[in-house]
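Chain by chain, the residues:
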Amino acid sequence: SREVDLRLVNVLIVVLAFRSFPLNQEGLTDKWLRKLNLEGWIPGPESLVCEEHFSLDSFEIVDNKRVLKSDAVPSIVDELDRILLQYEIVSFFLL
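This section reports on the structure supplied with the text. (Residues numbered from 1 in each chain as written. Predicted model: local features only at pLDDT ≥ 70, side-chain atom pairs only at ≥ 80, totals over all residues. Heavy atoms only, no water.)

Moving on: unusual backbone geometry. Here D63, not a glycine, exhibits a phi torsion of approximately 50°, which is positive. Tracing the chain through its elements places D63 in the loop between strand 3 (59-62) and strand 4 (65-68). Phi is positive for N64, which is not a glycine, with a value near 65°. Here N64 lies in the loop between strand 3 and strand 4. (Helix = DSSP H or I, 4+ residues; strand = E, 2+ residues; numbered from the N terminus.)

Turning next to the packing of aromatic side chains. Taken as a whole and assessed by the stated rule, the structure comprises four aromatic pairs. Pairing F54 with F59 gives two aromatic rings, centres 6.2 Å apart and planes at 75°, and the pair type is edge-to-face. Summarising the burial analysis for this pair, F54 and F59 share the class buried. Taken together, the aromatic side chains of F21, W32, W41, F54 and F59 make up a single cluster linked through ring pairs. Residue placement shows R66 over the ring face of F59; its charged tip is 4.0 Å from the ring centre. (Phe/Tyr/Trp six-rings, centres within 6.5 Å; stacked < 30°, edge-to-face > 60°. Buried < 20%, exposed > 50% of the residue type's maximum accessible area, 1.4 Å probe, protein only. Lys NZ or Arg CZ within 6 Å of the ring centre and 35° of its normal.)

In structure tokens, the structure reads:
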């Protein structure tokens, strides 16, 4: 119905993409932890960082897909991010 269509138009869905810590590259993992102010914390296989924490030049296009460069380090961090990462909390917001 038209009423349903109008409600759908007013919904904004924010899709977040996440990247795993580079656990197989100890030096790079250490850089990520330092940049995120998480020294002493040990990330596991399910630990993730939102793509929003990487600058645009951290990515390249490979086979029409956005791929994180092998030497990329998160560079966009604020205090709330540090708190959420410390407690391994991920929040999703539907506006």
